[in-house]
Amino acid sequence: MSVSFIRWGTEELSLLISYDTAGPVLLLAAGEAATLPDPAREPDVCRRLARAALPLVEIQTAGSGRLGTSGKRHVDGAAALALRHTGHHEEADDDRTTRTLRILMADEATGLRVTSVCTLREGVPVLRTEARVENTGDRPVTLEYVSSFVLSNLARHLPEGGRWENRLSLWTAANPWSGEFRWSRATLGQHGLYDVGMVAYGQTGSKNRIALTSTGSWSSSEHLPMGCLEEASTGRALMWQIEHNGSWHAELGDRFDDVYLALSGPTDREHQWRRRLAPGESFRTVPVAVALVPSGGFEAALAALTRHRRAVRRPHPDHQGLPVVFNDFMNCLMGEPTTKALLPLVDAAAAAGAEVFCIDAGWYDPEPPGTTGPGGVPGWWDAVGAWEESTARFPGGLGEVMDRIRAAGLVPGLWLEPEAVGVRSPVAAALPDEAFFRRDGVRLVEWGRHQLDLRHPAARAHLDAVVDRLVGDYGVGYLKLDHNIDIGAGTDGGDSPGDGMLGHNRACLAWLDGVLDRHPGLVLESCAAGGSRTDHAILSRLPIHSVTDQQDFRLLPAVAAAAPTAVTPEQGAIWSYPLPEHDTAELGMVLVSSLLGRVHLGGRPDLLSAEQAAVVRRALETYKSYRHLLPGTRPRWPLGLPGWRDGWIALALTTDGGSTLLALWRRDGAPDTLTVPLPWISEHDEPRALFTAGPEPRCTWNGREHTLRLTLPAQRSALLLAFGPTPLS
């Protein structure tokens, strides 16, 4: 059998795509070109792998189904198997740092044409893929599933001995509200995926799968749209992220005594998504990024994905400035701002070293402070949408507080929940039904709120007018964008509810781009706590991302230390909420939790003693001395990724120049002394304490063994260290 191959890639990552009388398949993507089989010297190996591989793009359509299998798995679609290679071509940007390969496929019988788009950047072993499906036939085609990425033969590189079910491990991250980034690792067998011996009887495999799915307007409310497949014996790892702000699906399964991975946006089975393509119409999948490394495991793959995140996001001056943000919500006013309450906070925040002052929820509330509605929510909860200042809370006008913020040398900011319109809001009556999410023509209600559908021009015009007014009238330079309702699978106005949701998701991203195009200096914060959208579609646009609503400083370190798995350190905002009841050591733990990310200052700096206020000032002065390093750092976890109840937690950020910033937390019940392995640090680098508070810590560096022996005398305390040539400003 004659087989043709496309060999393409960079020094860091290479692809081999096979095609012949069957459709194209991605045979292998590897961290080292040398690991790819050579079609000229190893044709039999290549042909054997190609026969077992899956199509380059998996497609299922109504009326075609699957061939050779049944069940819930999204592979072996008949429409995908009918595709044939019709051509391919490469493009490069002007400086040739980014290269794109387009592989063209078609089914001449149905007129279905598919283009797989693969993108690589020099120096980054990350493949970014998406697909475009076009109907060039004379009859409509209904899509039920289209993959963004499919790769089989994942167990091919395993050393001899043992089964793939025990040799391959899967990392996934549960993402509960206020307990985000809960990574866990288990073998495929522990996940319930085994070789059940059916290949010998002519079957493809077990028909089982490991599946992760998110449905609705929250992309990360249960799991991060990420995962990592790791080979423990070699450290080879494949890490992925689905770069979408809505519904997504990921699955691993066994097939021909091997393992495949399929990634996509919404599907018919999981998300009520179908897309009917009339002749001449097309559909584009959501993008997916896949990092592949030959060694180093989870951490090395994440380092590659971190470089990718930085390379493809929208540039913004905030990425380099990293100003300290004070926000009046967390363990402070908690949604009850007034002129009287805010003015002393403005002065205290400025004295502490804040550079932005964001007034959080409640600034638009006409009802007296403390008013609650059904379910204990604030009285304004089901009346939001107009986003106009409360004269009751600001008798001299909100402008009086904004002027005070500017006079103190701070940038003024406001909280906004743009997509939500309360059922009691005048906006709910003013906008047409089509501007909101609906099902069968009925406007949806969730927790007393409607959701705007940003596909509709009236919805976008309303939000544009709100943002432009706040920027123009108040001089707002910072907007915190929240999103506290999950509206469900989707809405009318598309070919299916899931198709309506996908259209809104994409319109939301376009709206954000439009805001930043009009106001390039405006900082937009994504609030991923209530908002539950920790995904790269959002993170590639908004420069700062509040990662959690965790109010207990004893629990916060587990979230703060794991945040760089999903958010680059220069974007991930962590609360510091100093309170008068904190002793000095506890105050140190409160502050260290935010010092390796973006500092979100809260708490009550206006009520602290002079000694406590001095500790806060010292922490923020220290942060400002090294924050310029954060945009180039790589995260490491010398004690492993933090467990929720771990007594000791550690996070390190390293630079290409040999510097390391290391945060360590001692929590309740942990022994006072710990040995920390730091194998990447030079034996001649001695640790320097950048910040701590409370009883003096003791550190001993063993350069020959690359270990740090640390004693923190107090429980609920923390320490920030530096190694190497750390250039402080």
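Residues numbered from 1 in each chain as written. Predicted model: local features only at pLDDT ≥ 70, side-chain atom pairs only at ≥ 80, totals over all residues. Heavy atoms only, no water.

*Asks:* Teacher, can you tell me more about helix α9 (residues 398–407) here?
*Replies:* Buried within α9 are the following residues: Leu398, Val401, Met402 and Ile405. Looking down the long axis of α9, one finds its buried residues gathered within 100° of arc, a one-sided arrangement. For α9, the elements touching its buried residues are α8 (339–352), β22 (356–359), β23 (411–416) and α11 (457–474). Directly after α9, the chain includes Gly409, whose backbone phi takes a positive value near 85°. (Buried < 20%, exposed > 50% of the residue type's maximum accessible area, 1.4 Å probe, protein only. Helix = DSSP H or I, 4+ residues; strand = E, 2+ residues; numbered from the N terminus. Arc of directions from axis to C-beta. Contact = heavy atoms within 4.5 Å.)

*Asks:* I tried to follow the environment of His684 on my own but got confused; where do I start?
*Replies:* Considering the arrangement of structural elements, one finds His684 in the loop between β36 (673–677) and β37 (688–692). Taking relative accessible area as the criterion, His684 reaches 64% and is therefore assigned exposed. When the C-alpha positions of His684 and Gly724 are compared, they lie 8.8 Å apart, and in sequence the two are 40 residues distant.

*Asks:* Whenever I open this one, the nonpolar core confuses me. Can you help?
*Replies:* Soluble, globular proteins show a tendency: their nonpolar side chains are buried together. Formed by 130 residues in total, the largest nonpolar core has its most connected members in Phe357, Ile359, Trp363 and Leu479. Beyond its immediate stretch of four places on either side in the chain, Leu479 contacts Leu414, Leu416, Val467, Leu470, Leu522, Val523, Leu524 and Glu525. Formed by 55 residues, the second largest nonpolar core is a distinct cluster that contains Met105, Leu238, Ala250 and Leu263. (Core = buried A, V, L, I, M, F, W, Y, C linked by side-chain atoms within 4.5 Å.)

*Asks:* Teacher, can you tell me more about the sheet that holds strand β17 (residues 258–264) here?
*Replies:* Two pairing modes exist for strands in a sheet, parallel and antiparallel, and in both the strands are linked by backbone hydrogen bonds. With antiparallel pairing, the four strands of this open sheet are ordered in space as β10-β17-β16-β13. In this open sheet, the two strands that pair with only one neighbour each are β10 (149–151) and β13 (210–214). Between one strand axis and the next, the sheet turns through 10° on average, direction left out of account. For strand β16 (residues 248–255) and β17, the ladder comprises seven bridges, and the chain directions are antiparallel. In the sheet register, Leu252 faces β17, and the bridge partner there is Leu261. (Pairing = 2+ DSSP bridges. Axes fitted to C-alpha atoms, helices over the stretch in contact; angles between N-to-C directions.)

*Asks:* I'm lost on the pattern of salt bridges in this one. Help?
*Replies:* Between side chains of opposite charge, pairing is possible as soon as their charged atoms come close. Per the stated rule, a full pass over the model turns up 40 salt bridges. Salt-bridge contacts for Arg163 lead to Asp257; the nearest nitrogen and oxygen are separated by 2.5 Å. Here Arg163, found in the loop between β10 and α3 (164–167), pairs with Asp257, found in the loop between β16 and β17; they are 94 residues apart in sequence, far enough to count as distant. Linking Arg541 and Asp513 is a salt bridge whose minimum nitrogen-to-oxygen distance equals 3.2 Å. You can see Arg541 sitting in the loop between α14 (536–539) and β30 (544–546) and its partner Asp513 sitting in helix α12 (residues 497–518), a full 28 residues away along the chain. Among the ionic contacts, a cluster of salt bridges with common partners joins Arg314, Asp513, Asp517 and Arg541. (Salt bridge = Lys/Arg side-chain N within 4 Å of Asp/Glu carboxyl O.)

*Asks:* Can you walk me through the pairing of β16 in this structure?
*Replies:* Here is the key point about a regular strand: its side chains alternate between the two faces of the sheet. Of all eight residues making up β16, eight are buried, and the element is well covered by its neighbours. Burial along β16 is two-sided: the face carrying Trp248, Ala250, Leu252 and Asp254 and the face carrying His249, Glu251, Gly253 and Arg255 are both buried. As paired elements, β13 and β16 share five bridges and run antiparallel to each other. The partner of Thr213 across the bridge, within β16, is His249. Taken together, β16 and the strand that follows it, β17, pair antiparallel across an intervening segment of two residues, in which Phe256 is found at a positive phi of about 50°.

*Asks:* Honestly, the pairing of strand β28 (residues 478–481) in this entry has me stumped. Any pointers?
*Replies:* Of the two faces of β28, the one carrying Tyr478 and Lys480 and the one carrying Leu479 and Leu481 are both buried. In the sheet, β23 pairs with β28 via four bridges, with the strands oriented parallel. In the sheet register, Leu416 faces β28, and the bridge partner there is Leu481. Pairing of β28 with strand β29 (residues 523–527), which is carried by four bridges, proceeds in the parallel orientation. Bridged to Leu481 within β29 is Ser526. The parallel pair β28 and β29, bridged by α12, forms a crossover whose chirality is right-handed. (Right-handed = clockwise from strand over helix to strand, strands pointing away.)

*Asks:* Where do I start with the packing of aromatic side chains in this structure?
*Replies:* Aromatic ring pairs are described here by two measures, namely the spacing of the ring centres and the angle between the planes. Scanning all chains against the criterion turns up 14 aromatic pairs. Judged by centre distance (6.0 Å) and plane angle (65°), the rings of Trp387 and Trp415 are edge-to-face. With Trp387 in the loop between β22 and α9 and Trp415 in strand β23, this residue pair connects regions lying 28 residues apart in the sequence. Each member of the pair Trp387 and Trp415 is classed as buried. Ring-pair connections join several aromatic residues into one group, and the members of that group are Trp363, Tyr364, Trp380, Trp381, Trp387, Trp415 and Trp447. Positioned above the aromatic ring of Trp381, the side-chain terminus of Arg449 is 3.6 Å from the ring centre. We note Arg636 situated over the ring of Trp680; from NZ or CZ to the ring centre the distance is 4.7 Å. (Phe/Tyr/Trp six-rings, centres within 6.5 Å; stacked < 30°, edge-to-face > 60°. Lys NZ or Arg CZ within 6 Å of the ring centre and 35° of its normal.)

*Asks:* Honestly, the side chain of Arg636 in this entry has me stumped. Any pointers?
*Replies:* Topologically, Arg636 is positioned in strand β33 (residues 634–636). Of the side chains with opposite charge, Glu299 comes closest to the buried, unpaired Arg636, at an N-O distance of 4.4 Å. The residues contacting Arg636, other than those within four sequence positions of it, are Glu299, Leu651, Ala652, Thr654 and Trp680. (Lys, Arg positive; Asp, Glu negative; His and termini not counted.)

*Asks:* What's the story with unusual backbone geometry in this structure? I'm lost.
*Replies:* Across the chain, the bulk of peptide bonds are trans and the bulk of non-glycine residues have phi less than zero. With a phi close to 65°, Phe181 is a non-glycine residue in the positive phi region. With respect to the helices and strands, Phe181 occurs in the loop between β11 (168–174) and β12 (182–187). One non-glycine residue, His706, lies in the positive phi region at around 55°. Counting through the fold element by element, His706 comes out in the loop between β38 (698–702) and β39 (707–711). Owing to a relative accessible area of 25%, His706 belongs among the partly exposed residues under this scheme.

*Asks:* Whenever I open this one, the sheet that holds β23 confuses me. Can you help?
*Replies:* With parallel pairing, the eight strands of this closed barrel are ordered in space as β21-β22-β23-β28-β29-β30-β31-β32. The mean inter-strand angle of the sheet, taken between neighbouring strand axes irrespective of direction, is 30°. Bridging between strand β21 (residues 325–327) and strand β32 (residues 598–601) involves two bridges; their strand directions are parallel. Note on β32: the bridge partner recorded for Val325 is His600. Helix-sheet contacts for α9 involve β22 and β23, and the interaxial angle to β23 is about 135°.

No statement about biological role is implied by the geometric values presented.
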